[in-house]
Amino acid sequence: MRSPLFLTGIVALSLAGTVAHSQVGPLVIEDSRGVEITFPLGAASFADRVISYAAGSTISATATTNPNQVLGPPDFVRNDDTTFTTLGCGGSAIWAFDDNALVDADGPDLWIFEVGPDVEGTAVAVSTDGTNWLELGMIEGATSFLDLAGLAALGTAFRFVRLTDDAVDCSGRTPGADIDAIGAIGAIERISVDLPSPTGSGASNYDDTRGGLVSFPAGDISFADAVVSYAPGGGIAEGWDDPTLGLHAPDYVDTGVARATTLGCGGQVIYQFVDNTLIDVPGDDLFIFEVGPDVEGTILAISGDSVNWVDIGRIEGATATIDIAPYIQPGDTFQFVRLIDDGVACSGRYPGADIDAVGAIGSATRLVLDANLLFDFDSAMLRPAGARAVAELAAAIRTGAITQVIVDGHTDAQGSDSYNVALSQDRANAVVQALVGAGVAERLIIARAFGESRPIADNRTAQGQQSNRRVEVLLVGT
């Protein structure tokens, strides 16, 4: 098994790749009454799951009795019954936040998108566990928001919201409160991350299509997640020129249907690991699932930043397994793999190398902690929410099969190179100190500083700068 880790205050894997992840960054939404509300966590701010729904008095507009219509950001369209949920007279429902949690922040914390001419009377309660409830009061009249200040202990994170119609306004085809969405203005993000289990049973074996099995200790997380670029050669059969067919775990079956990416004669592709990182471990580190009768000649390179490349050389014949140790410096980590067809075997409908998957046998789980949540601007002192997040990470590390923790500091491009390196080092050190203070053995941890040298977004935009301000944590398992 692989054990789930939930971290508050942490943005997973930023937007560098294709990991399933909610929009990060502020989102301004206008409600049905013309009021603009800013949600700092963007689309991650809204309810994700229905726990229960008990409709009140008879609702003639049956399409509005689907509680799933409350999930996600508001999408109310007048005269469209599929864009909101009616509680009915005295009805009640519970929704959950999965990728975020509600906390007390400055000003209003919870916004209920109740639609129609007025906000009908609705009692609001929140819970950390779905069992014990804190009554927040009523939304009614023109009041759609509630403030947690003074009602809950500072730092309490609520994951459940219960709405109960007050049974006063019960007329019409949609009696009682009509709910479009539930949004946490005061929000911290929660993510689920797989860590190696103490038993090591997360390892999985994958068919190399040549009669062998390749073992990956980290299982499905081991494989490339995103396409950075693709420049195919010529003469590729229709459908086989899709570079996304080389992502994730191998799934090639020889049925004639496109299940792999053909490079074409002299073509090339760059893949990226997003939720993990390629590292050197004893023995083989990287396996290229090149399918077909032979492994056609392919030139391989790896990179930590997609700019500076380490040339590994040619894989061909039946050699698809690579030990990167002779080519790198100890401790180097890599997120990018470049494959270039050697231009030799260029006949048939699938000229050049055919790539089903790219897998890191030597793999570290990669987390990206948003520095904007961890630290104040230009500061290396952990904010309270950041300290809580790192403490939760430490708890997971202590219970997982983790043999090394690498903490990398990164900044945006504002300021001088030397200043940014120093700031990124100070921030990495702050996270290390917090991990050690929370019980992680100091001997397991390495801190590194990259300053502005490894951006994952465009530094010319404010959103890009925000993404680049981060602390990455690489977790190496047994």
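A short tour of the structure in this document, coming up. In every chain, residue numbers begin from 1 and rise along the written sequence. Reporting in this predicted model follows two pLDDT cut-offs: at least 70 for local features of residues, and 80 or more for side-chain atom pairs to be given and counted; totals over whole chains, interfaces and linings ignore these cut-offs and use all residues. Each side-chain value is derived from all of the structure's non-hydrogen atoms; neither hydrogens nor water enter the calculation.

## Details of the pattern of salt bridges
Working step 1: When a carboxyl oxygen of Asp or Glu lies within 4 Å of a side-chain nitrogen of Lys or Arg, that pair is called a salt bridge. Enumeration according to the criterion identifies 13 salt bridges in this entry.
Working step 2: Among the salt bridges present, the one from Arg259 reaches Asp251, with a minimum N-O distance of 3.8 Å.
Working step 3: The exposure class of Arg259 is partly exposed, given its relative accessible area of 28%.
Working step 4: On the basis of relative accessible area, Asp251 is assigned to the partly exposed category, the value being 38%.
Working step 5: The partner of Arg470 in a salt bridge is Glu472, with the nearest N and O atoms 2.8 Å apart. In this pair, the class of Arg470 matches that of Glu472, namely buried.
Working step 6: In this structure, a network of salt bridges that share partners links the residues Arg49, Asp98 and Arg159. Only protein chains enter the calculation, and the probe is 1.4 Å; a residue is then buried if its accessible area is under 20% of its type maximum, exposed if over 50%, and partly exposed in between.

## Let's talk about the nonpolar core
Working step 1: In these notes, a set of buried Ala, Val, Leu, Ile, Met, Phe, Trp, Tyr and Cys residues joined through side-chain atoms within 4.5 Å is what counts as a nonpolar core. Counting residues in hydrophobic clusters, the biggest one holds 26 residues, and the most contacted among them are Leu110, Leu163 and Ile182.
Working step 2: Runs of H or I in DSSP of at least four residues are treated as helices and runs of E of at least two as strands, each being numbered from the N terminus. Every element with two or more residues in this core is listed here: strand 6 (92–96), strand 8 (110–114), strand 9 (119–127), strand 10 (133–141), strand 12 (160–165) and strand 13 (178–184).
Working step 3: Not counting residues up to four positions away in its chain, the partners in contact with Leu163 are Leu87, Gly91, Ser92, Ala93, Trp95, Ile112, Thr122, Ala123, Val124, Ile179 and Ile182.
Working step 4: Among the nonpolar cores identified, the runner-up in size contains 24 residues, and Leu382, Ala428, Val473 and Leu475 belong to it. The contact criterion used is simple: two residues touch if any of their non-hydrogen atoms lie within 4.5 Å.

## With respect to the environment of Thr86
Working step 1: Tracing the chain through its elements places Thr86 in strand 5 (residues 85–86).
Working step 2: Every residue in contact with Thr86, bar those within four places of it in the chain, is listed here: Tyr53, Ile59, Thr64, Thr174, Pro175, Ala177 and Asp178.

## A look at the sheet that holds strand 13
Working step 1: Following DSSP output, two strands are said to pair if at least two bridges run between them. What the four strands build is an open sheet, ordered 5-13-8-11; its pairing is antiparallel. In this open sheet, the two strands that pair with only one neighbour each are strand 5 and strand 11 (145–146).
Working step 2: When strand 8 meets strand 11, the two strands line up antiparallel, connected through two bridges. Bridge pairing in strand 11 links Leu110 to Leu146.

## Considerations on the environment of Trp95
Working step 1: Mapping Trp95 onto the fold places it in strand 6.
Working step 2: Linking Trp95 and Val50, residues 45 residues apart in sequence, is a C-alpha distance of 4.6 Å.
Working step 3: Here a polar contact is recorded for every N or O atom pair within 3.5 Å, except that within protein the pair must consist of a potential hydrogen donor and a potential acceptor, and residues adjacent in sequence are included only if both atoms are side-chain atoms. At a separation of 3.1 Å, a polar atom in the side chain of Trp95 contacts the main-chain carbonyl oxygen of Pro67.

## Section: the state of the cysteines
Working step 1: Here, a disulfide means two cysteine sulfur atoms that sit within 2.5 Å of each other. All told, the structure shown has one disulfide when counted by the stated rule.
Working step 2: Shown here is the disulfide that connects Cys89 with Cys170, its sulfur atoms set 1.8 Å apart. Taking the torsion about the S-S bond as the criterion, the Cys89 to Cys170 disulfide, at about 60 degrees, is right-handed. Residue Cys89 is found in the loop between strand 5 and strand 6, and its partner Cys170 is found in the loop between strand 12 and strand 13; the two are separated by 81 residues along the sequence.
Working step 3: Taking the relative accessible area as the measure of exposure, Cys89 reaches 21% and is therefore partly exposed.

## Notes on the sheet that holds strand 4 (residues 49–54)
Working step 1: Read across the sheet, five strands follow the order 4-6-12-9-10 without closing on themselves; strand pairing throughout is antiparallel. Each end of this open sheet is capped by a strand with a single partner; those strands are strand 4 and strand 10. Across the sheet, the axes of successive neighbouring strands diverge by a mean angle of 20 degrees, strand direction being ignored.
Working step 2: Looking at chain direction, strand 4 and strand 6 are connected through five bridges and run antiparallel. By the bridge assignment for strand 6, Ala54 is matched with Ser92. Structural elements are reduced to axes, namely lines fitted to C-alpha atoms, with helices fitted over the stretch in contact, and the angle between N-to-C directions of any two is expressed from 0 to 180 degrees.

## Some details on the packing of aromatic side chains
Working step 1: The rule is short: rings of Phe, Tyr and Trp, with Trp giving its six-membered ring, pair when the centres are within 6.5 Å, and they are stacked under 30 degrees, edge-to-face over 60, tilted in between. With the rule as written, the count across this model stands at 12 aromatic pairs.
Working step 2: The interplanar angle of 45 degrees and the centroid separation of 4.7 Å between the aromatic rings of Phe216 and Phe223 together place this pair among those described as tilted. With respect to burial, Phe216 and Phe223 carry one shared label: buried.
Working step 3: Ring pairs connect the aromatic residues Phe39, Phe46, Trp111, Phe113 and Phe145, which therefore count as one cluster.
Working step 4: A ring has a charge above it when a Lys NZ or an Arg CZ is no more than 6 Å from the ring centre and no more than 35 degrees off the ring normal. Note that Arg162 overlies the ring of Trp133, its terminal NZ or CZ placed 4.6 Å from the centroid.
Working step 5: Here the basic side chain of Arg338 rests over the ring of Trp309, its NZ or CZ set 4.6 Å away from the ring centre.

## Here we look at the pairing of strand 9
Working step 1: Buried residues dominate strand 9, accounting for eight of its nine residues.
Working step 2: Two strands pair when backbone bridges link them, and strand 9 and strand 10 are joined in this way by seven bridges, in the antiparallel orientation. Across the sheet, Val126 pairs through a bridge with Leu134, a residue of strand 10.
Working step 3: Between strand 9 and strand 10, which follow one another and run antiparallel, lie five residues, and Gly130 among them has a positive phi close to 80 degrees.
Working step 4: In terms of strand pairing, strand 9 meets strand 12 through six bridges, oriented antiparallel. If you follow Thr122 over to strand 12, its bridge partner there is Asp165.

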